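Descriptive analysis of the structure
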Amino acid sequence: MAEQGHSGGIAEHLKYWSVSFDDANPFMQLHLDTLLLTVMVATGMVVFALWLRGRLVEGAPTGVQNFMEALIDFINQTVKDNFPVHNPLIAPLALTIFVFVFLCNTMDILPAYLMHHVAGLFGLESFRQVPTNDLNLPVAMAVCVFILVLYYEFKLKPVHFVKELLLQPFAALLLESKNPIVKVIGVLLIPLNLVLKVIEELAKPLSLSFRLFGNMFAGEVIFLLIASLLLASHLEGLLSIGGFVSEFVGLLVGLGWSLFHLFIGLLQAFIFMILSVVYLSIAHQPAEH
Amino acid sequence: MSIDLTFISQVIVFVAMVVLLWKLLYGPLNDLMEARSKKIAEGLAAAEAGLEAKAEAEAEVARQLEDARARAHDIIAAAERRAAEINEEAVTRARKEAEGILDAAREEVHAEVAKARQQLREEVASIALLAAERVLEVELDAAKHSQLIEGIVDKGLGSA
């Protein structure tokens, strides 16, 4: 929460450690802090999986195995409750989303400015410590889920999906009419339907990713505000009564916000997971005729 | 806050993580849980089958006990009937034997009496002859002879 000696505005701490391959093209840059942290989290999860794999017991599970089995059971039950058919990919996907997003979110409770200053020791100007605060990560996950949704829509009910794209929400009713003029209007409305349907479909990954990004970004900004407004940036600030009280209040507020933000991180991980499962479940629902 | 190459890298990291965690974490744990669940379900089914078998065995035991009791009751009743029959037969036989013995004894008594009578008659006759011989040898006196004969007869009968 607090880190002594922070300087500069909040905006300065919201910059990424990035490398640009083409200054003229903003797409051609890579956020190394996000990449480094996600690779570290992913590696940690894989190492943990390998470690746990060597310790699995067939009998009554204990400790970490027990916790992981409870988590997998929860994920399996969530998927089972939402899915009309069994798809072996969904539960591992949901587990990965939940654990990965939660671990990334949890990094937000590290003291504000800490990673920034640690990175400064290595000569870096900026470093963002929460990968989910980088829109690229939520969007990447949401797009993966969206591609899977499209894949299953086309695989399981292609005709129905295309009909929905072209004939919903207006044209279907009009085309069912016996009046030829109404039918023509229905045909003319097909492009409008397509636009609306595309917007509807695109809203899914957008809302999924921006919800996570917005919550975590706001949380980080509040951490930075608490640190900037209430915590002393230099040792001299602690020597006065006001400085001491401000520091104490800052620590209390920061601790409270950390606990709340931990809960928010867990909640956002769950929301991201459950919405992904629901979107995929909708794609698996049998077509209504 | 823009989409850039990081997006591509995150897609790669995310997809790789899904595949790796599926193979290394979810798969083994889920297989283990399914195997355990199956084992528990089999155990429960076996326990339920055992309970059913126990109930069936208890019912069978109760039924067999009931049959055995009924059979034992029949056997006891038959034995009692047989005992009564044997007793009745023994009594009848004993009665018949007793009657036979009595009849035989009676016949024997009759025979002995007849024999004794015959013997007595013979003895009386012989005594009478003897008495007559004596009378003839000595002297005939009606009063005296008659007293003598009666005395001899009495004597003979008394000795018989």
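Residues numbered from 1 in each chain as written. Chains lettered and ligands numbered in written order. Predicted model: local features only at pLDDT ≥ 70, side-chain atom pairs only at ≥ 80, totals over all residues.

Each helix and strand in chain A was counted, giving eleven helices and two strands. What you see for chain A is a C-alpha radius of gyration of 24 Å, clearly larger than the 19 Å of a compact globule of 289 residues, by over 25%. Here the C-alpha coordinates of chain A stretch approximately 85 × 55 × 40 Å along the principal axes. Classification of the 289 residues of chain A by burial places 34% in the buried group. Residue pairs at least 24 apart in sequence account for 70% of intrachain contacts in chain A once pairs closer than 6 positions are excluded. (Helix = DSSP H or I, 4+ residues; strand = E, 2+ residues; numbered from the N terminus. Rg over C-alpha atoms; globule rule 2.2 N^0.38 Å. Buried ≥ 20, exposed ≤ 12 C-beta atoms within 10 Å, placed from the backbone. Contact = placed C-beta atoms within 7 Å.)

Turning next to the overall build of chain B. When helices and strands are tallied, chain B shows two helices and zero strands. In summary, chain B has a C-alpha radius of gyration of 60 Å against a globular reference of 15 Å for 160 residues, an excess of more than 25%. Over its C-alpha atoms, taken along the principal directions, chain B stretches across nearly 190 × 20 × 15 Å.

Chain B puts 27 residues into the contact, and the matching count from chain A is 38 residues. Here the side of chain B that touches chain A is built from residues that sort into 20 nonpolar, five polar and two charged. (Nonpolar A, V, L, I, M, F, W, Y, C, P; charged D, E, K, R; others polar.)

Running from N to C, helix α4 (residues 90–106) of chain A and helix α1 (residues 5–137) of chain B point in directions that differ by 105 degrees, and their axes come no closer than 9 Å. What the angle tells us is that α4 of chain A and α1 of chain B run roughly perpendicular. Of α1 of chain B, the residues touching α4 of chain A (which contributes Ala91, Pro92, Leu93, Leu95, Thr96 and Phe100 of chain A) are Met17, Val18, Leu21, Trp22 and Tyr26 of chain B. Its residues assigned to classes, the contact of α4 of chain A with α1 of chain B shows ten nonpolar, one polar and no charged. (Axes fitted to C-alpha atoms, helices over the stretch in contact; angles between N-to-C directions. Parallel < 35°, antiparallel > 145°, perpendicular 65-115°, else oblique.)

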